[in-house]
Every structure is written in structure tokens, then in C-alpha cells.
Amino acid sequence: MVSKMKCRWQQRVLLLTCLAFVVLSKQADADAEYARYKDPSQPIVARVEDLLQRMTLEEKIGQMTQIEREVASADVMKQYYIGSVLSGGGSVPAPKATPAMWVNMVNELQKGAMSTRLQIPMIYGIDAVHGHNNVYGATIFPHNVGLGATRDPDLIRRIGAATALEIRATGIPYTFAPCLAVCRDPRWGRCYESYSEDPVIVKAMTEIIFGLQGQPPANTTKGTPYVAGQENVLACAKHFVGDGGTIQGIDENNTVSDYKELVKIHMTPYFDAIVKGVSTVMVSYSSWNGQKMHANRFLVSNILKKQLRFKGFVISDWQGIDRITSPPSANYSLSVLEGVGAGIDMVMVPYIFKDFINDLTYQVKGGFISMDRINDAVRRILRVKFTMGLFEHPMADTSLANQLGSKEHRDLAKEAVRKSLVLLKNGKPGNQHLLPLDKNASKILVAGTHADNLGYQCGGWTIEWQGASGNITIGTTILTAIKSAVGPSTEVVFEQSPDANYVKGKEFSYAIVVVGEPPYAEMFGDNLNLTIPLNGGDTIDNVCSSLKCLVILISGRPLVIEPYLPVMDAFVAAWLPGTEGQGVTDVIFGDYTFQGKLSRTWFKSADQLPMNVGDKHYDPSFSFGFGLTTTVAGNIR
């Protein structure tokens with residue numbers, strides 16, 4: 001009897017033990033399935049730390065790696081744990097690619113990222129610097145040099161919001177904009193990417209960050225990255241710092257100044273950008289007092305991250321660490337060591353990512369770069385990914401496809417063009433004002449290389465990195481807009497390069513001459529003389545010597561205009577207006593008044609440069625802030 005009872009008791013104990021084991025096993029499985037970083041109800045800090053402690057060194061270094069779409073694939077994303085992909089200038093899935101084609105490409109790469117052990121989504125980035133300019137059919141807004149002339153931060157915010165929608169229409173959540181360079185020398189080939197020579201204006205234009213990312217709630221901690229939702233994108237303040245102050249305006253050259261001047265002129269806009277919650281900051285190719293910014297630990301780590309309390313991630317420029325050495329890539333391992341050691345969190349490799357990963361892995365394992373530095377980089381990258389909702393919404397869709405090049409956005413671009421035009425002359429001494437032009441004149445001559453060339457009108461960073469000539473995207477040239485604006489009985493004659501005899505005896509009422517610079521970007525735009533190219537000066541002389549004429553200059557900066565001013569009746573700086581040429585004709589024909597004011601000093605000759613407002617020796621053709629206006633009736637103000 002006793003043995004039977006003992007046997008039953010043992011059976012019960014065994015049964016209870018088995019049940020307990022099953023319960024504990026199920027709980028363990030449940031615990032294993034629950035990952036705090038995947039729980040959107042958890043604080044972002046907790047999610048970041050939970051994910052960070054789960055990651056291997058290989059996974060962390062993968063997050064720090066950004067590669068070009070040309071070398072990216074789902075397999076590459078999975079094998080190397082790649083954290084980000086980009087399109088360089090002109091890098092597209094196909095010529096004239098539709099939003100659906102862009103979305104499919106982004107999603108295919110994202111599937112590779114999401115098939116990794118920890119399922120960390122990648123960020124896709126692109127240079128959308130004046131609209132979604134890589135994409136065929138997108139609205140192309142005026143370049144920053146024109147927007148600075150508007151003095152209208154709210155307009156710039158609305159442009160940012162429209163651009164964000166068009167970027168999201170193609171499935172992309174990240175733009176390398178805005179450029180906060182303070183261009184102090186227009187010989188620089190990137191001067192059109194700068195809003196002004198005055199840091200106060202550039203600072204005001206950081207309002208675009210609210211348009212791109214959305215406006216953070218009032219209680220948001222200053223310096224914390226913020227993205228409002230799926231209709232907004234990450235912004236990138238660039239290029240930190242001093243890119244607009246290089247000697248002779250030579251791209252990627254040396255900015256010579258003391259620290260006080262660097263802060264006062266070039267760093268000021270970044271203060272506001274960080275307070276507004278900009279998510280990323282891109283480092284400049286240039287040097288400060290001889291030290292490459294990509295290797296400048298003092299400015300990147302001590303000032304930007306610690307003193308300014310920037311909490312987003314710092315990204316290199318395209319092959320930026322390669323250029324730490326001279327010549328570039330002379331010692332790639334040293335470049336990796338100095339770039340990452342300086343505080344760069346994500347490296348825009350963009351092609352030789354295996355070399356980057358191998359070198360960085362070796363340097364961490366060898367103790368040359370600390371795990372603290374790696375963890376700081378990855379923590380910042382993950383913080384931004386969680387903040388933007390990428391873990392909850394990793395896949396793109398085509399729900400915003402109708403936003404690309406929408407009428408509402410093109411109307412906004414026309415408004416921007418109208419407000420950016422600067423009227424510099426209106427009538428010769430003793431004569432009546434020429435503007436606004438008579439829509440019902442009997443016969444109008446339109447001349448110049450830029451009158452009927454959409455690519456020239458848009459400038460660099462449009463469809464291609466360097467821009468291009470011709471009808472490169474959807475838009476309205478100035479000539480087409482003129483033909484639409486004039487009365488039904490007005491004859492419009494276009495002659496691109498008329499000689500002096502052509503204009504005589506043809507009874508033209510007046511002429512509109514549209515000349516300027518061909519497209520360029522970065523170092524290809526560096527120019528030490530800044531004369532009007534493409535025989536534009538000859539066209540002005542040939543036409544304006546015989547006819548009343550309006551000259552419209554399409555350029556990314558002031559050019560030498562003094563020799564031609566006497567023969568002009570009217571002169572308008574139109575900068576690089578983008579796809580909406582009707583914005584020009586709206587103003588020259590008097591439907592709207594001129595409002596733009598120079599955000600740059602208009603020098604007399606390149607020998608005066610650099611020359612900026614406030615300089616002791618200041619003798620320009622047109623001063624900073626100058627700009628005439630008209631009423632609809634043409635009365636000067």
C-alpha cells in the first residue's frame with residue numbers, strides 16, 4: 001500500500017514537473033520572440049539600446065555603410081548588413097523612370113535589409129536640392145541663390161513640404177538638403193546652392209527643414225532629430241563647415257579664418273538647423289586652416305556633437321573620407337581611421353564598400369578605433385531610423401505618386417520664380433521705363449541661348465549631376481511662356497543668335513534677350529573670370545544696340561555685366577528658375593510686381609572678389625539688397 005502511494009506521488013511530481021517545464025518553455029519562447037526594439041510603444045532610447053546590445057560588430061559596421069544603388073542588391077544588403085543606399089546625381093533605375101519604378105527598386109533593396117537576422121531597415125537617400133531634381137517629371141524649383149532673393153522663409157518652408165511629398169512619391173525617405181553654405185566668393189562652382197553671402201539670410205532659410213521633416217512639438221528636446229510622418233523626409237544640413245569660404249572660391253579648397261569668424265559667418269545657420277531638429281549633417285570636402293573637415297575631430301565631435309548637442313547622425317560626402325589624403329585614396333586605411341575617428345557616423349562610400357567594411361573591422365578589432373566610437377555612430381543612426389518610423393513602415397508604396405510634378409507644386413514653383421526675380425535696371429536715363437512689357441505689341445524678338453532651353457533654365461543638379469541642355473524634363477521654357485502670355489495678334493519671332501544686321505528693318509516693337517551660364521555642378525563650375533559665356537555678350541550688343549531690349553540673365557551667380565549695361569533698357573537677374581518659365585513672364589508682363597532683392601553683391605569685375613556686404617572696400621555694380629520694383633502699371637518704386 002505504501003509503495004503504491006509512493007508511486008502515485010512520484011507520478012504526480014513528475015507530471016507537475018513536466019507541466020512546469022512546458023509552461024516555462026512556452027514563456028521562454030515568448031520572451032525570445034519579444035524584442036523590445038520592435039515594440040513601438042517603448043521609448044526610442046530603450047529601443048535603440050535594446051537593439052544595439054543585440055548587434056554584432058559586423059552588423060554595426062554595416063549600419064555605418066552607405067553604398068550607391070549601382071552596386072546594391074538584395075543579396076548585398078543581406079550579406080553585409082548595409083544600413084543605407086543612395087542615388088548619386090543622375091543615378092536612376094531607368095531613364096524617365098516612373099514613381100512605381102523607383103518604389104519597386106527601393107523596396108527590392110529593402111527586402112534584402114529586412115531579411116537579415118535583426119531586420120534593421122535601410123535608409124535610401126538622394127540629392128533633392130531644388131525639388132526632386134533627379135526624377136523625370138518632378139517640379140524643379142529655383143536654386144537656392146534665387147530663393148535667397150525672395151527673403152521669404154515661409155515660401156521656403158512650403159517648398160520643402162512640396163519637395164518632401166515628391167520624394168516620398170518615389171519611395172525615398174531622405175534628402176541631402178538643405179545646403180547651408182554661406183558663399184563668400186561667387187567664383188565657387190557651388191555658389192548657386194547657397195542662399196546668400198549673408199549668414200542672417202541663410203539662417204532664416206533653415207525654415208525649409210520644417211517643410212521637409214515637419215515641425216516638432218513644442219516640448220521636443222532641442223537638437224533631437226524629428227520626422228513628422230510618412231509625408232515627410234529626413235533632411236541633411238550641409239556641408240559642415242566653411243564650404244562657402246574657400247580661397248578664390250575653389251571647390252573643396254581651404255577656408256582660412258580664426259574660430260570666431262568661422263562661427264560668425266559659416267556656423268551660424270547650423271545653430272538654427274539643429275534647434276529645428278535636422279536629422280543629419282553632412283561634412284564638407286573643404287579644409288579649415290589646412291585640416292580636412294572629414295578628419296576634423298574638434299569641429300565634428302567636440303563642437304557639433306558635444307557643444308551644439310546634435311543628436312542625429314553625421315554623414316560623409318561622396319567619397320569624402322577618400323579625399324582626406326592627397327591624392328584621394330592614397331591611403332584608404334588611414335582615411336577610414338581619421339574619418340570615423342573624427343566623428344563621422346555614416347560613410348558615403350559609395351562603391352568600394354567591401355574595402356571600407358574590411359578596413360574598419362580590422363581597425364576596431366586591433367584597437368585603433370574604440371567600440372565606444374562605433375556604438376556612438378550606430379546609436380545615432382538607429383535613433384534616426386526609429387524616429388522617422390522606419391521600423392514600422394519599412395516598405396514604400398505608390399500612394400503619393402500623383403504628387404510628382406503636381407499642378408499645386410508647379411504653381412508654388414511659379415510663385416517662387418516670381419518672388420526671386422531681381423529687377424536691376426528699368427529704363428535708360430531720360431527715357432521711360434520699359435517694364436512691364438506690352439503684351440499687345442505687334443512684333444517681339446526673342447533671342448539668346450537660354451530663351452528656349454529648359455536644361456539651361458534649371459541649371460546643374462537637374463536630371464544629371466552636371467545638368468544638361470534641351471528639354472530634359474517636363475516644364476515650360478521662357479520662350480513658350482512668352483508666346484502664351486502675349487495677345488493673339490502679337491507676333492513672336494525667335495532667333496537664338498542674331499547678328500547686328502538681322503534686327504534692322506524688321507519693325508520689332510522690342511526685344512527680350514535671354515542669356516547666361518550653361519549648367520554645371522561643384523568643381524566644374526569654378527570660374528575665375530565670370531564673364532557671360534556662350535557669346536551672350538555679343539547677342540546683347542547685337543540686339544540692344546538697335547532695339548529697345550530687356551535682358552534676362554540665367555545664371556547661378558552674378559556675372560560681369562558692366563560692359564553691356566549702357567545698351568540695355570532693362571535688366572533682370574532670373575538666377576536658375578527651374579521648370580516653370582511662366583513665373584518669369586508673369587512679372588515681366590506686369591501680372592505681378594518685382595519683389596526680389598539681391599542676396600549677393602553684384603561686383604563690377606572679378607578682380608574685386610571676394611567682396612561682400614560690410615567690407616571696407618565695397619564698390620559693386622549693384623549693392624547687396626538692391627532691387628527695383630514696379631506696379632502693374634509700370635510705375636517705379
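Calculation criteria
- Once a new chain begins, its residue numbering starts again from 1 and follows that chain's sequence as written.
- Owing to the predicted nature of the model, reporting of local features is limited to residues with pLDDT of at least 70; listing and counting of side-chain atom pairs is limited to 80 or more, with chain, interface and lining totals taken over all residues.
- Hydrogens and water molecules were not included; the side-chain quantities draw on all heavy atoms of the structure.
- UniProt positions are given in the numbering used here, feature names are shortened, and annotations may be inferred rather than shown by experiment.
- Numbered from the N terminus, helices here are DSSP runs of H or I no shorter than four residues, and strands are runs of E no shorter than two.
- Values of the radius of gyration come from C-alpha atoms, whereas the globule rule sets the reference at 2.2 Å times the count of residues to the power 0.38.
- A contact between two residues is defined here by any heavy atoms of the two lying within 4.5 Å.
- Each accessible area is a Shrake-Rupley result for a 1.4 Å probe, and residues are judged covered by the shown protein chains and nothing else.
- Interaxial angle, 0 to 180 degrees, is taken between N-to-C directions of lines fitted to C-alpha atoms, where a helix line uses only the stretch in contact.
- Angles below 35 degrees are treated as roughly parallel, those above 145 as roughly antiparallel, those between 65 and 115 as roughly perpendicular, and all remaining angles as oblique.
- Left-handed describes a crossing whose near helix is turned anticlockwise from the far helix by less than a right angle; the clockwise case is right-handed.
- With a 1.4 Å probe rolled over the protein chains alone, any residue whose accessible area is under 20% of its type maximum counts as buried; one over 50% counts as exposed, and the rest are partly exposed.
- Counted as a polar contact is a pair of N or O atoms within 3.5 Å, where, for protein atoms, one must be capable of donating a hydrogen and the other of accepting one, and residues adjacent in sequence contribute only when both atoms are in side chains.
- Our working definition of a disulfide is a cysteine sulfur pair at a distance within 2.5 Å.
- If DSSP finds at least two bridges between two strands, the strands pair.
- When the strands point away from the viewer and the connection leading from the first strand across the helix to the second strand turns clockwise, the crossover is called right-handed.

Going by what an unreviewed UniProt entry lists, the protein chain is known as beta-glucosidase and is assigned to Araucaria cunninghamii. As stated in UniProt under Catalytic activity (unreviewed entry), the record for the protein chain gives "Hydrolysis of terminal, non-reducing beta-D-glucosyl residues with release of beta-D-glucose." One UniProt comment on the protein chain, placed under Sequence similarities (unreviewed entry), says "Belongs to the glycosyl hydrolase 3 family."

1. Observations regarding the overall build of the protein chain
Secondary structure summary: the protein chain contains 19 helices and 17 strands in total. The globule rule puts the C-alpha radius of gyration for 637 residues at 26 Å, and the 29 Å found for the protein chain is close to it. The C-alpha extent of the protein chain, read off along each of the three principal axes, is 130 × 55 × 40 Å. When contacts within the protein chain are restricted to residue pairs at least 6 apart in sequence, long-range pairs at least 24 apart make up 76% of them. Total accessible area computed for the protein chain in this model is approximately 24300 Å², and 52% of it derives from carbon and sulfur atoms.

2. A look at the packing of helix H2 (residues 44–54) against helix H14 (residues 371–387)
Running from N to C, H2 and H14 point in directions that differ by 130 degrees, and their axes come no closer than 9 Å. With respect to their mutual orientation, H2 and H14 come out oblique. Note that H2 runs across H14; the crossing there is right-handed. Where H2 abuts H14, its residues Ile44, Arg47, Val48, Glu49, Leu51 and Leu52 lie against Asn375, Val378, Arg379, Leu382, Arg383, Phe386 and Thr387.

3. Points about the side chain of Glu517
Looking at the element boundaries, Glu517 is found in the loop between strand S15 (510–516) and helix H18 (536–544). You can call Glu517 buried: its relative accessible area is 4%. Engagement of the side chain of Glu517 in a polar contact is seen with the backbone nitrogen of Gly556, the distance being 3.0 Å. Apart from residues lying up to four places away in sequence, Glu517 is in contact with His450, Pro533, Ile554, Ser555, Gly556, Arg557 and Leu559.

4. Thoughts on the state of the cysteines
Applying the stated criterion across every chain yields a total of 2 disulfides. Residue Cys183 pairs covalently with Cys191 via a disulfide, S to S 2.1 Å. Its torsion about the S-S bond being -105 degrees, the disulfide of Cys183 and Cys191 is classed as left-handed. Summarising the burial analysis for this pair, Cys183 and Cys191 share the class buried. Here Cys544 engages in a disulfide with Cys549; their sulfurs sit 2.0 Å apart. Measuring handedness by torsion sign, the sulfur bridge of Cys544 and Cys549 sits at about 110 degrees and is right-handed. This pair shows no difference in class: Cys544 is buried, exactly as Cys549 is. Each disulfide of the protein chain joins two cysteines, and with those cysteines numbered along the sequence the arrangement is 1-2, 3-4. Lacking any disulfide linkage, Cys236 is separated from the closest cysteine sulfur, that of Cys179, by 9.9 Å. What makes Cys236 buried here is its relative accessible area of 0%. Free of any disulfide, Cys458 has its nearest neighbouring cysteine sulfur in Cys179, separated by 18 Å.

5. What about the pairing of strand S2 (residues 84–87)?
On a regular strand, each side chain points to the face opposite its neighbour's, so the side chains alternate between the two faces of the sheet. Residues of S2 alternate between two faces, with Ser84 and Leu86 on one and Val85 and Ser87 on the opposite face, all of them buried. In the sheet, strand S1 (residues 65–68) pairs with S2 via 3 bridges, with the strands oriented parallel. Each residue of the ladder has a partner; that of Gln66, found in S2, is Ser84. Crossover connection from S1 via helix H4 (residues 74–80) to parallel S2: handedness right-handed. Here S2 runs beside strand S3 (residues 123–126); their pairing, made up of 4 bridges, is parallel. Each bridged residue has a counterpart across the sheet, and for Ser87 the counterpart in S3 is Ile126. Assessed by its sense of winding, the connection that carries the chain from S2 through helix H5 (residues 99–114) to S3 is right-handed.

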